[in-house]
Amino acid sequence: MPRFIAVCLAFAFGLVALPATVSAADLALVIGNSSYRKAPNAESGAADARAVAEALEEGGYEVILGIDSNRRQMERLLSRFGARVGRADRAVIFFSGHALRADGETYLAPTDQDNDTLVEVVMGGVPLDLVLQLARRNAGKTVLFIDAAQLDGFRPTSFAEPGLAHIEPGRGVMVVSAAAPGRAIRRRGGGESRFARQIIRNFLDPGTRVADAARGLRGPIWVNGSTDPRLVLIPHGRSRVGGGGGGPRTLSPAEAEAALGLTIAQRRSVQENLSLLGHDPRGIDGAFGPGTRTAIRLWERANRLPETGYLDTEKYALLNRQAGEGSRPRSSEDDRYWERTGARGTPDGYRDYLSRYSDGSHAAEARAELQRISRTGRDGPSAIERDFWRQTQASDRPRDYREYVRRYPTGIWLPEAEDRLAALEGASSTPPPAPAHPRSAEEDLGLDRTDRLSVEQRLNFLKFPPGTVDGFFDENTRWAIEGYQRSRGFEPTGYLDQPTVVRLMDETGGVDSQPGIVIDGAEVLRRLLGGN
């Protein structure tokens, strides 16, 4: 049965290179695309990928990381992952960016995705089915996390729509999506998304079984497929470098670097130090891609060290000493800005810091201090913000919490606003009962089962799959109606009304003789609209 098209777009490129000699004990592919040539930015794509990659590395995974990757770069990432995933003890795939759906297939979009024609969508995107095939090479031990349900800023076409099509993970693979196929989410800038934070908190918490983590998810997150019920992505007390019987072994360069446990801030510091010493890492972003690996090798050559492209304890200390910081890692720009602002202990200082680093390493401290100041009656949030927050709490409506988040991205009540918004929207994560008005409009049409069967057949013909064509409107039918309404400029309620029926019948009036279309369109239209 034909399905919808899903296209995911993404941000610039960075890799954590892994030599072929390293075993794939636990392997992760993490791709975060934020900056697109022909689409709105996926605000949190890159930040999400870096945060998840850091959490996985701290849990002992070898991470293949891509930031803002084009089509060719995504091919290389997938090839490297695919060559090794079958040997992994555990495997994780994480993608954050945009997606398009076309004819029932989902395509993850690289940053250079063209989407003006169906050919460009299909040939330029990365099929989600390919990613799932790679995941199935390690059935029972692989989880795919995907955040590609953004609709804001997109204009549906006759051949493609943003978002995810129907997903069949296959046996032994679990898919965790930020929203169900065909549904939408709202991204916000300024740091990691709620989805990424839940993945880190739930699935990457040491000792937590995947099945238990899935049950603890909040908001509109959608889960499908299965894994080994005993699967734990990060076991309790696991060493980053692994190990087994038979006594000590020599660590590979990648394992030795992993044992350092470098944070994103420390990785940025390494890149800053390399740059200061004349070895350009081609970006100071905390992602050790080809540029950073080359810079490390050049630095090793200059110091007559074995050229591996990886750091260990001695090399890390030497690099810091040479850059003038002794054995202490260089403070990141985040920390330096904190010293100039928030560390002063003033409300203005905290707000200045949050305005630049709303997701920074000191953001939680800054917000906590502002809340403490507010409670003690000293200079805290502005009177306007305080009044708006009180009004938002009084109304307790999703749109007002969204407006607070939009107006005050560094507001001191931002965590509370996001939590309440997730709770309100989470209650409708699976298609909720329609509001009274849309349902009433459909009931007024007086549809019998024959009419509903005709509607489902016509939606299916127009490539809006309603699920089983049986004359009963289930949630799949509602999604199909909603998708059709959205693509034709109607209010996307998921329920039929007279304008929707008229347009649907008009578009499919000439398909009565097609296989499976057994109801006369003109007759149905006359009956539904009360004509003779």
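Residues numbered from 1 in each chain as written. Predicted model: local features only at pLDDT ≥ 70, side-chain atom pairs only at ≥ 80, totals over all residues. Heavy atoms only, no water.

### Observations concerning the overall build of the chain
Within the chain, the regular secondary structure consists of 21 helices and eleven strands. Residue burial in the chain is summarised as follows: out of 532 residues, 51% are buried. With an accessible surface of roughly 23700 Å², the chain has 49% of that area assigned to carbon and sulfur atoms. (Helix = DSSP H or I, 4+ residues; strand = E, 2+ residues; numbered from the N terminus. Buried < 20%, exposed > 50% of the residue type's maximum accessible area, 1.4 Å probe, protein only. Areas by Shrake-Rupley, 256 points an atom, 1.4 Å probe, with all protein chains shown as cover.)

### Quick look at helix 18 (residues 449-461)
With 13 residues, helix 18 should cover 18 Å at 1.5 Å per step; its first-to-last C-alpha distance of 18 Å lies within 8% of that length. Those residues of helix 18 that sit buried are Asp 451, Ser 454, Val 455, Glu 456, Gln 457, Arg 458, Leu 459 and Asn 460. Capping the start of helix 18, Asp 448 holds a side-chain oxygen 3.1 Å from the backbone nitrogen of Thr 450, two or three residues further along. (Expected span 1.5 Å × (residues − 1). Polar contact = N/O pair within 3.5 Å; in protein donor to acceptor, adjacent residues only side chain to side chain.)

### Points about helix 1 (residues 45-58)
The α-helix winds at 3.6 residues per turn, so residues separated by three or four positions along the chain end up facing the same way. For helix 1, with 14 residues, the first-to-last C-alpha span of 20 Å sits near the 20 Å given by 1.5 Å per residue. Burial analysis of helix 1 places twelve of its 14 residues in the buried class, the great majority of the element. Turning to helix 1, its buried residues number three or more, namely Gly 45, Ala 46, Asp 48, Ala 49, Arg 50, Ala 51, Val 52, Ala 53, Glu 54, Ala 55, Leu 56 and Glu 57. Contacts made by the buried residues of helix 1 are with strand 2 (26-32), strand 3 (62-67), strand 4 (90-96), strand 8 (142-147), helix 5 (194-203) and helix 8 (264-276). (Contact = heavy atoms within 4.5 Å.)

### Regarding unusual backbone geometry
Residue Asp 68 is not a glycine yet carries a positive backbone phi of 55°. If you trace the backbone, Asp 68 turns up in the loop between strand 3 and helix 2 (71-84). With a phi close to 55°, Asp 396 is a non-glycine residue in the positive phi region. Of note, Asp 396 is situated in the loop between helix 14 (383-395) and helix 15 (398-407).

### Some details on the nonpolar core
By size, the foremost hydrophobic cluster in this structure holds 33 residues, and its most contacted members are Val 30, Leu 56, Phe 145, Val 176, Phe 203 and Leu 233. Among the elements of the structure, strand 2, helix 1, strand 3, strand 4, strand 8, strand 10 (173-177), helix 5 and helix 6 (210-215) are those that each provide at least two residues to this core. With six residues, the top contributor of residues to this core is helix 1. Contacts of Phe 203, omitting those with residues within four sequence positions, involve Phe 145, Met 174, Val 176, Gln 198, Val 210, Ala 213, Ala 214, Leu 217 and Leu 233. One finds Ile 64, Leu 78, Leu 108 and Val 175 within the second-largest nonpolar core, a separate group that totals 31 residues. (Core = buried A, V, L, I, M, F, W, Y, C linked by side-chain atoms within 4.5 Å.)

### Describing the confidence of the model for the chain
Confidence in the prediction of the chain, expressed as mean pLDDT, is 75, and 77% of residues score 70 or more. Of the regions scoring below 50 in pLDDT, residues 376-380 engages in seven contacts with residues more than four places distant in sequence or in other chains. (pLDDT = per-residue confidence, 0-100.)

### So, the side chain of Glu 257
With respect to the helices and strands, Glu 257 occurs in helix 7 (residues 253-260). Within polar-contact distance, the side chain of Glu 257 engages the side chain of Arg 293 at 3.0 Å. At a separation of 2.9 Å, a polar atom in the side chain of Glu 257 contacts the main-chain amide nitrogen of Leu 311. Filtering out sequence-adjacent residues up to four positions away, Glu 257 remains in contact with Arg 267, Phe 288, Arg 293, Tyr 310 and Leu 311.

### Remarks on the packing of aromatic side chains
Across all of its chains, the model carries six aromatic pairs by this definition. Ring geometry for Phe 94 and Phe 195: centres 6.5 Å apart, planes at 20°, overall stacked. Highlighted residues: Phe 94 in strand 4 and Phe 195 in helix 5, separated in sequence by 101 residues. Judged by relative accessible area, which is 6%, Phe 195 ranks as buried. Ring geometry for Phe 388 and Tyr 404: centres 6.4 Å apart, planes at 20°, overall stacked. With Phe 388 in helix 14 and Tyr 404 in helix 15, this residue pair connects regions lying 16 residues apart in the sequence. Here Phe 388 matches Tyr 404 in class, with each residue buried. Directly above the aromatic system of Tyr 310 lies the positively charged group of Arg 293, at a separation of 4.0 Å from the ring centroid. (Phe/Tyr/Trp six-rings, centres within 6.5 Å; stacked < 30°, edge-to-face > 60°. Lys NZ or Arg CZ within 6 Å of the ring centre and 35° of its normal.)

### A look at the pairing of strand 3
Within strand 3, six of the six residues are buried, which leaves the element mostly enclosed by the surrounding structure. Where burial is concerned, the two faces of strand 3 agree: the one with Glu 62, Ile 64 and Gly 66 and the one with Val 63, Leu 65 and Ile 67 are both buried. Judged from the six bridges that link them, strand 2 and strand 3 form a sheet pairing that is parallel. Each bridged residue has a counterpart across the sheet, and for Ile 31 the counterpart in strand 3 is Gly 66. In the classification by handedness, the crossover that spans strand 2, the intervening helix 1 and the parallel strand 3 is right-handed. (Pairing = 2+ DSSP bridges. Right-handed = clockwise from strand over helix to strand, strands pointing away.)

### A closer look at the packing of helix 18 against helix 19 (residues 475-487)
Packing of helix 18 against helix 19 leaves a shortest axis separation of 11 Å and a crossing angle of 60°. With respect to helix 19, the axis of helix 18 lies oblique. For the pair helix 18 and helix 19, the crossing hand works out as left-handed. Contacts from Arg 452, Glu 456 and Leu 459 of helix 18 reach helix 19 at Thr 477, Arg 478, Ala 480, Ile 481 and Tyr 484. Taken together, the residues of the contact of helix 18 with helix 19 break down into four nonpolar, one polar and three charged. (Axes fitted to C-alpha atoms, helices over the stretch in contact; angles between N-to-C directions. Parallel < 35°, antiparallel > 145°, perpendicular 65-115°, else oblique. Left-handed = near helix turned anticlockwise from the far one by under 90°. Nonpolar A, V, L, I, M, F, W, Y, C, P; charged D, E, K, R; others polar.)

### Let's talk about the environment of Phe 145
Relative to the helices and strands, Phe 145 is located in strand 8. Spatially, the C-alpha atom of Phe 145 lies 8.1 Å from that of Ala 178, the residues being 33 residues apart in sequence. Ignoring any residue separated from it by four or fewer positions in sequence, one finds Phe 145 in contact with Val 92, Ile 93, Phe 94, Phe 95, Val 176, Phe 195, Ile 199, Phe 203 and Leu 233.

### Description of the pattern of salt bridges
A full pass over the atoms with the stated rule returns 18 salt bridges. Linking Arg 71 and Glu 75 is a salt bridge whose minimum nitrogen-to-oxygen distance equals 2.4 Å. Residue Arg 71 and its partner Glu 75 are located together in helix 2, separated by four residues, close to a single helical turn. With a shortest N-O distance of 3.9 Å, Arg 452 and Glu 442 are connected by a salt bridge. Of the two residues, Arg 452 is situated in helix 18 and Glu 442 in helix 17 (residues 436-444); the sequence distance between them amounts to ten residues. On the accessibility criterion, Glu 442 (5% relative accessible area) is buried. Taken together, the shared-partner salt bridges in this structure form one network comprising Glu 403, Arg 406 and Arg 407. (Salt bridge = Lys/Arg side-chain N within 4 Å of Asp/Glu carboxyl O.)

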